[in-house]
Amino acid sequence: MNTDRFALRHIGPRKKDLNTMLDTIGVSSIDELIYQTVPDGIKLKKELELDPAMSEYEYLNHIQEIGNKNKQFKTYIGLGYNAAITPAVIQRNILENPGWYTAYTPYQAEIAQGRLEALLNYQTMITDLTGMELANASLLDESTAAAEAMTLLFAVRERAQKKEGVVKFFVDEDTLPQTKELLKTRAIPLGIELVEGNPKEMDMSNGYYAVLLQYPGASGKVVDYTQFAQACKENDIKIAVAADILSLVMLEAPGNWGADVVVGTTQRFGIPLGYGGPHAAYFATKETYKRQIPGRIIGVTRDMDGKRALRMALQTREQHIKRDKATSNICTAQVLLAVMAGMYGVYHGPKGLKYIASKVHNTAATLADAVEKLGIYQENEQYFDTLSFKADAAKVREQALALEINFYYPDEETVQVSINETTSIKDLNDIVSAFAKAYSKEATVITNLLDQNNVGVKRESEFMTYDVFNSYHSETELMRYIKKLERKDLALNHSMISLGSCTMKLNAAAEMLPLSDPQWGNIHPFVPADQAQGYLEMLTKLEEQLNEVTGFAGTSLQPNSGAQGEFAGLMAIRAYHESRGDSHRNICLIPSSAHGTNPASAVMAGMKVVVTKALENGNIDVDDLRSKAIEYKDNLSALMVTYPSTHGVYESAIKEITGIIHENGGQVYMDGANMNAQVGLTNPGNIGADVCHLNLHKTFAIPHGGGGPGVGPICVAKQLVPFLPTNPVVPTGGDQAITPISAAPYGSALACVISYGYICMLGAAGLKRSTEYAIVNANYIKERLDGSFECLYVGERGRAAHEMIIDCRPFKENGIEVTDIAKRLMDYGFHAPTVSFPVNGTMMIEPTESESKEEIDRFCDAMISIRKEIEEATKEEPNNVLKNAPHTLQMITSDDWNFPYTRKKAAYPLEWVSDNKFWPTVRRADDAYGDRNLMCTCAPMEEYL
């Protein structure tokens, strides 16, 4: 075996297994299978042109060499990003631990109790610090969270406001610049009118439905908004607040002075800067808005035995139900980062956070005093960590850069300095030195911090009083707590997770290692370009790689989730039409089988959704599509299509479909959810698409992390390149760029290192081979399950693509639902495939190329065994092994056993299960009870029941 070939480590099946698998499928070679699976008309005529594949060793040397081109200056730019200390115990046991980073979104609650508890801790920390009643389990970044607040408050306007057409949203002029611009992106398609100004001068009789306040402001200024909030309330104006999470340790919680929504980022709770992300944003609001809150909420319920259990509550995946009426298209959270931020709160506790916040504030106060002694005036009378000096920006910048220091310079006469957790007394003296040298003065040496309180709106309320935040303050205790939670979760390090449309492939260690390198982690997104040369080289190269893979002309890495990519692609199409004088083109055709975020994204982009029919075989009804394209040809904007289809089939009519749209003046948006089945064989450009988003957390190996981080860049054809999104601080995108999609110029840039490594180490041949083996593995499962489960949709030659849908609806005759099969799989040590999407009562199975034949056989054996168990079940006797699944260790070891089957059958249904047994920690969770009795914080158990 050639140990230099990364592809041999990434692809699961061994050479010796391939012939057996192909025999089972009924073909003589992979080429024959691909011929039978992928339509000839869309196949690439030549191989991808990428650099030769690197070995893991070569790549790690290469990425270190590029990383060393990033310059680690001491950075005090602020603007929502601050250097933070990641406790080593959290870095080693969560960020670098596949037990945490390879887990899937906790849709199967019984085998996700660990990360659900970690997220409940996060929610509790956020509700306490913000003074709100309810928080979700994270959003993408502060600016997009602020946009979600704007749209939520728009949706819940008073009836009279809706009737009178009240659409004005007031934006504090001291809001972060990236947030101001992103609000424009979201506001314009929805008809929201933004008005920027000083809140104290706001005319409340001027028809506003809500206001956004930055607290503290981007300038660092802290304002007491108590009376302002009261006036807003009297005028039916809702209040959204974007708040610095660390400042809320010292500043009174916005919920206590009148906020309706509080948003922000938890980046400074131990998360690396990473040139802008990934970071977990927070969103907290009143319980009144629980049905409108975007994203995911973790709630407490009980299991079948009445024991406490956690699960995702209320609107989980609500866009799949509401589609174009969904309140948001949010699909990916930032779970891994939220878990880390929550653990930062657990590790430090309220006393530790008070120490950190006080130290940051006292450092800022000491700096203000020292610089003012130089005769330089500091404008912020009240502040937390950010000072605004009136000074000659050019002079100070010159001296600061010479000392390898970055400040923020909002204009020629202002220098802003944002202090962070890492700032030492030595750093303070260096900062003062930059000002002193700029004015040729002698600075007084600082030896001690002043003990001051200049925050103004001092916090009186308590926070984080629960046991979890006051128990794990030694490394030993936190390490054990993290391990305790990890043991409750089934992740990819235990067994295959065969989720259709989600592509849970190997997240190779060599791809992940650079995330811990400070040369990548410690770079602020707004540093001068010459300090981020490593990042810019890597990101530019990744864009070029993705252009080659997709057959497109340009890429934006800014969208930080797949759903954000959908929105970005549609906004680029919208801008393209407007540039041609076709602003009336607003009809978006979407097949009935599409992912639920598609219609939600279209509505967010200001488009009207028209649904096209599917045939019985799951394919798009081309006649219906043509009819609707012609009917709406004068206003047709776009088609959103997934390829291979959501049903796991390569539709041979795809070029005809894209041609119909172009003939009628529209553009084709391709959802990249199934790009895993295209790479190296075909591509969106080849099938006639104009834009696609790519789920880097699916096809290109970024780990799911329990539900995020995600990255969803868009790749576009030549005519759409001018409209790729920009950023107000670091310009990006095209010469007619749309306003930002996410807060940072390159979105979650740190996570992009993973996909860059994936492509570099696989190379063109390895990428193509990965796609081929994904198809081999899927079709092997299809044939092994044949006779036990019907595959609902197949291609014209009877083959599946990289995934398939099996029909579980006939088992209702035995009283068995698809959910019962999902829960029973836990007893065999497997996470269920995707349940009831895109067809109710079915399972969508996707093995990925990373799984070995042995693991796939275990999964197939489990499914066949479950099929036999279904045969034994009857509607009349629900006390059976499927209805009672999953079985916990407590059940199996109990003195009472009131079931008509053996303990062995319950816990060890096949011999190999005992070799690596995974025990769910709770029985089946009662979702309905939890939704009726919504509790989303760490309250004592007696409060739940």
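Scroll up to find the structure.
Just so it is clear, the structure is predicted and the values come from calculations on it, not from any experiment.

This paragraph deals with the overall build of the chain. The helix and strand inventory of the chain stands at 30 helices and 25 strands. For the chain, whose C-alpha radius of gyration is 28 Å, the value lies close to the compact-globule estimate of 30 Å for 945 residues. Along the longest, intermediate and shortest principal axes, the C-alpha atoms of the chain span 85 × 70 × 65 Å. The proportion of buried residues among the 945 residues of the chain is 66%. Considering only intrachain contacts with a sequence separation of at least 6, the fraction spanning at least 24 residues in the chain is 77%. As presented, the chain carries roughly 32800 Å² of accessible surface, and 46% of it is formed by carbon and sulfur atoms.

Looking now at the sheet that holds strand β8 (residues 281–285). Spatially, the seven strands line up as an open sheet ordered β2-β8-β7-β6-β5-β3-β4, and their pairing is mixed. Two strands in the sheet have a free side with no partner beyond their single neighbour: β2 (134–135) and β4 (193–197). Where strand β7 (residues 261–265) meets β8, five bridges bridge the pair, whose relative direction is antiparallel. Pairing of Gly264 across the sheet is with Tyr282, part of β8.

Next up on the list: a negative patch on the surface. Together, Glu379, Asp392, Asp411, Glu412 and Glu413 line one region of the surface with negative charge. Positionally, Glu379 belongs in the loop between α13 (335–372) and β11 (386–390). Assessed through its relative accessible area of 37%, Glu379 is described here as partly exposed.

If you walk through the whole model with that rule in mind, you get zero disulfides. Free cysteine: Cys808, not disulfide-bonded; nearest cysteine sulfur from Cys791 at 11 Å. What makes Cys808 buried here is its relative accessible area of 2%.

So, on to the packing of aromatic side chains. Going through the model one piece at a time under the given rule, you end up with 28 aromatic pairs. Ring geometry for Tyr59 and Tyr756: centres 6.3 Å apart, planes at 55°, overall tilted. Separated by 697 residues along the polypeptide, Tyr59 in helix α4 (residues 56–67) and Tyr756 in helix α25 (residues 749–785) bring together distant segments of the chain. The burial state of Tyr59 is the same as that of Tyr756; both residues are buried. Summarising the aromatic geometry, the rings of Phe169 and Tyr209 are spaced 5.7 Å apart at their centres and angled 35° between planes, so their arrangement reads as tilted. Here Tyr209 lies in strand β5 (residues 208–215) and Phe169 lies in strand β3 (residues 168–172), a separation of 40 residues in the sequence. Judged by its relative accessible area of 0%, Phe169 falls in the buried class. On the basis of relative accessible area, Tyr209 is assigned to the buried category, the value being 0%. Put simply, the rings of Tyr76, Phe389, Phe407, Tyr409 and Phe435 touch in pairs and so form one group of aromatic residues. Lying over the aromatic face of Phe567, Arg186 brings its terminal NZ or CZ to 5.5 Å of the ring centre. Above the ring of Tyr439, the side-chain terminus of Lys395 is found at 5.7 Å from the ring centroid.

About the criteria used
Residues numbered from 1 in each chain as written. Predicted model: local features only at pLDDT ≥ 70, side-chain atom pairs only at ≥ 80, totals over all residues. Heavy atoms only, no water. Helix = DSSP H or I, 4+ residues; strand = E, 2+ residues; numbered from the N terminus. Rg over C-alpha atoms; globule rule 2.2 N^0.38 Å. Buried < 20%, exposed > 50% of the residue type's maximum accessible area, 1.4 Å probe, protein only. Contact = heavy atoms within 4.5 Å. Areas by Shrake-Rupley, 256 points an atom, 1.4 Å probe, with all protein chains shown as cover. Pairing = 2+ DSSP bridges. Patch = residues over 30% accessible without salt bridge, like charges linked within 9 Å, V, L, I, M, F, W, Y side chains within 5 Å. Salt bridge = Lys/Arg side-chain N within 4 Å of Asp/Glu carboxyl O. Lys, Arg positive; Asp, Glu negative; His and termini not counted. Charge placed at Lys NZ, Arg CZ, Asp CG, Glu CD. Disulfide = S-S within 2.5 Å. Phe/Tyr/Trp six-rings, centres within 6.5 Å; stacked < 30°, edge-to-face > 60°. Lys NZ or Arg CZ within 6 Å of the ring centre and 35° of its normal.

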